Amino acid sequence: MRFIKPISLNVNSFILDVRSQEEHQNEMLNLPHICKDINELDPLEFIRENKVAKDTTINILCSSGGRASKAAEMFEKAGIDNVAVIIGGIVEAEYEGMDIIRH
């Protein structure tokens with residue numbers, strides 16, 4: 001499992017937000033991403049549904065890092081090692097000055 005700083009993300013990063021739909025609707029990164037509640041996440045199904053290439057790193061985001069780490073473990077247990085936890089989640093992203101959309 002790798003860890004990355006939010007500021008290293010860009011429009012080409014594959015980002016998975018594992019927060020609830022409600023949390024996601026309240027605030028989200030202003031970068032392309034997919035939201036899938038960790039409670040509904042099946043790693044192999046996610047890979048299949050989103051046609052994620054084997055060499056694509058899945059950067060996982062949550063509020064502060066806990067759920068993202070749990071999701072990364074789920075992917076790794078399913079044999080998918082190309083995952084990275086976004087350190088500090090959306091809280092850290094905002095602290096680093098990234099663009100956050102709020103509703």
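We now turn to the structure provided with this report. (Residues numbered from 1 in each chain as written. Predicted model: local features only at pLDDT ≥ 70, side-chain atom pairs only at ≥ 80, totals over all residues. Heavy atoms only, no water.)

## Looking at the overall build of the protein chain
Item 1. Scanning the protein chain from N- to C-terminus turns up four helices and seven strands.
Item 2. Seen in sequence order, the protein chain has helices and strands lined up from the N terminus as β-β-α-β-β-α-β-α-β-α-β.
Item 3. The C-alpha radius of gyration of the protein chain comes to 12 Å, within 12% of the 13 Å expected for a compact globule of 103 residues.
Item 4. Considering only C-alpha atoms, the protein chain reaches an extent of 35 × 25 × 25 Å along its principal axes.
Item 5. Taking as baseline every contact in the protein chain between residues at least 6 positions apart, the subset at least 24 positions apart corresponds to 69%.
Item 6. Positive and negative side-chain charges in the protein chain, numbering 11 and 17 respectively, have mean positions lying 4 Å apart. (Helix = DSSP H or I, 4+ residues; strand = E, 2+ residues; numbered from the N terminus. Rg over C-alpha atoms; globule rule 2.2 N^0.38 Å. Contact = heavy atoms within 4.5 Å. Lys, Arg positive; Asp, Glu negative; His and termini not counted. Charge placed at Lys NZ, Arg CZ, Asp CG, Glu CD.)

## What to know about the packing of aromatic side chains
Item 1. Summed over all chains, the structure comprises two aromatic pairs.
Item 2. Judged by centre distance (6.1 Å) and plane angle (75°), the rings of Phe14 and Phe46 are edge-to-face. Here Phe14, found in strand β2 (residues 14-17), pairs with Phe46, found in helix α2 (residues 43-49); they are 32 residues apart in sequence, far enough to count as distant. In this structure, Phe14 and Phe46 share a single accessibility class: buried.
Item 3. Pairing Phe46 with Phe75 gives two aromatic rings, centres 6.1 Å apart and planes at 85°, and the pair type is edge-to-face. (Phe/Tyr/Trp six-rings, centres within 6.5 Å; stacked < 30°, edge-to-face > 60°. Buried < 20%, exposed > 50% of the residue type's maximum accessible area, 1.4 Å probe, protein only.)

## A few points about the nonpolar core
Item 1. Ranked by size, the top nonpolar core spans 17 residues in total, and within it Leu16, Val18, Leu41, Phe46, Ile58, Ile60 and Phe75 carry the most contacts.
Item 2. When contributions to this core are tallied by element, the ones reaching two or more residues are β2, β5 (58-61), α3 (66-77) and β6 (83-86).
Item 3. With four residues, the top contributor of residues to this core is α3.
Item 4. Sequence-distant contacts of Ile60, defined by excluding residues within four places in its chain, comprise Leu16, Val18, Ala68, Ala71, Ala72, Phe75, Val83, Ala84, Val85 and Ile86.
Item 5. In terms of nonpolar packing, the next biggest core, distinct from the first, is built from twelve residues, Ile4, Ala84, Ile86 and Ala93 among them. (Core = buried A, V, L, I, M, F, W, Y, C linked by side-chain atoms within 4.5 Å.)

## Some details on the sheet that holds β5
Item 1. The parallel open sheet is built from five strands, whose spatial order is β1-β6-β5-β2-β4. The open sheet terminates on both sides in strands that have one partner only, identified here as β1 (2-4) and β4 (34-35).
Item 2. Bridging between β2 and β5 involves four bridges; their strand directions are parallel. By the bridge assignment for β5, Asp17 is matched with Leu61. (Pairing = 2+ DSSP bridges.)

## Some points on the pairing of β5
Item 1. Neither face of β5 is exposed, since Ile58 and Ile60 on one face and Asn59 and Leu61 on the opposite face are all buried.
Item 2. Across three bridges, the pairing between β5 and β6 is parallel. Looking at the pairing, Ile60 lines up with Val85 of β6.
Item 3. The parallel pair β5 and β6, bridged by α3, forms a crossover whose chirality is right-handed. (Right-handed = clockwise from strand over helix to strand, strands pointing away.)

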